[in-house]
Amino acid sequence: MITYTWTITGRPIQPDSLNVKEGERVELVISNTTGMSHPMHLHGHVFEVTEIDGRKITGAKRDTILVPPKSTIKVVFDANDPGVWAYHCHILYHLATGMFTVLKYENAEIKFWKPEKTATELENPFELNNAAAFWRK
């Protein structure tokens, strides 16, 4: 954690997406190996928490879940809202340093999703350039 770099897949830049097909029931396993909590948020969907650290539960429906340090949470949702949806940590400097990806439906319109471009190359950049250095200061 001292580097102020967090990721979803172990890579600080996430050009890949989580891919789903419309109509699928999707299980998402969120494993937090860090010493800090992460409020994970999925746009466009409501999920149900089904397991916390190996203990099965019938959890509330929500779009954000706080994942405590050194824990694993499983959630399920129905892929019923086609498109490209953000999935990220709600702590801004975690998002800015890599805890961001998208949930992408098969055959989704991807005109505005440009993972190969940096923020400065986009028409409307999300100004988080050099965020890790900013938060270290």
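Rules used in this analysis
- Residues numbered from 1 in each chain as written.
- Predicted model: local features only at pLDDT ≥ 70, side-chain atom pairs only at ≥ 80, totals over all residues.
- Heavy atoms only, no water.
- Helix = DSSP H or I, 4+ residues; strand = E, 2+ residues; numbered from the N terminus.
- Buried < 20%, exposed > 50% of the residue type's maximum accessible area, 1.4 Å probe, protein only.
- Contact = heavy atoms within 4.5 Å.
- Areas by Shrake-Rupley, 256 points an atom, 1.4 Å probe, with all protein chains shown as cover.
- Core = buried A, V, L, I, M, F, W, Y, C linked by side-chain atoms within 4.5 Å.
- pLDDT = per-residue confidence, 0-100.
- Pairing = 2+ DSSP bridges.
- Salt bridge = Lys/Arg side-chain N within 4 Å of Asp/Glu carboxyl O.
- Axes fitted to C-alpha atoms, helices over the stretch in contact; angles between N-to-C directions.

What follows deals with the overall build of the protein chain. Within the protein chain, the regular secondary structure consists of two helices and 10 strands. Helices and strands appear in the protein chain in the N-to-C order β-β-β-β-β-β-β-β-β-α-β-α. Taking all 137 residues of the protein chain together, 36% fall into the buried category. In the protein chain, 70% of the contacts between residues at least 6 apart in sequence involve partners at least 24 apart. Split by element, the accessible area of the protein chain, about 8500 Å² in all, is 54% carbon and sulfur.

This next bit is on the nonpolar core. Core analysis: the biggest nonpolar cluster contains 22 residues, and I30, M40, I65 and V75 have the highest contact counts within it. Of all the secondary-structure elements, those providing two or more residues to this core are β2 (25-32), β3 (38-42), β4 (47-52), β7 (64-67), β8 (71-78), β9 (84-89) and β10 (100-105). Residues contacting M40, with those up to four places away along its chain left out, are I8, I30, F47, D63, T64, I65, V67, Y87, H88, C89 and M99.

Here we take up the confidence of the model for the protein chain. Summing up the model confidence of the protein chain, the mean pLDDT is 82 and the portion of residues at 70 or higher is 74%. Low pLDDT, under 50, characterises residues 122-127; the stretch is placed with seven contacts to residues that sit more than four places away or in other chains.

Along β7, the buried face is formed by I65 and V67; none of T64 and L66, which line the opposite face, is buried. Where β3 and β7 come together, four bridges link them in antiparallel fashion. When the bridges of β7 are listed, P39 appears paired with L66.

Attention now goes to the pattern of salt bridges. What the rule picks out here adds up to four salt bridges. K61 serves as the salt-bridge partner of E48, at 3.6 Å between the closest nitrogen and oxygen. You can see E48 sitting in strand β4 and its partner K61 sitting in strand β6 (residues 61-62), a full 13 residues away along the chain. For E48, a relative accessible area of 15% corresponds to the buried category. By relative accessible area, which is 61% here, K61 ends up exposed. The partner of E51 in a salt bridge is K74, and the shortest N-O contact between them spans 3.8 Å. With E51 in strand β4 and K74 in strand β8, this residue pair connects regions lying 23 residues apart in the sequence. Looking at E51, the relative accessible area reads 12%, which means it is buried. Within the structure, one salt-bridge network assembled from shared partners comprises E51, K56 and K74.

Right, let's get into the sheet that holds β10. Across the sheet, which stays open at both edges, the five strands sit in the order β1-β10-β9-β3-β7 with mixed pairing between neighbours. Looking along the sheet, the strands with just one partner apiece sit at the ends: β1 (18-20) and β7. Taken pair by pair, the neighbouring strands of this sheet meet at an average axis angle of 20°, ignoring direction. Note that β9 and β10 share five bridges and pair antiparallel. Along β10, the bridge assignment pairs Y87 with T101.

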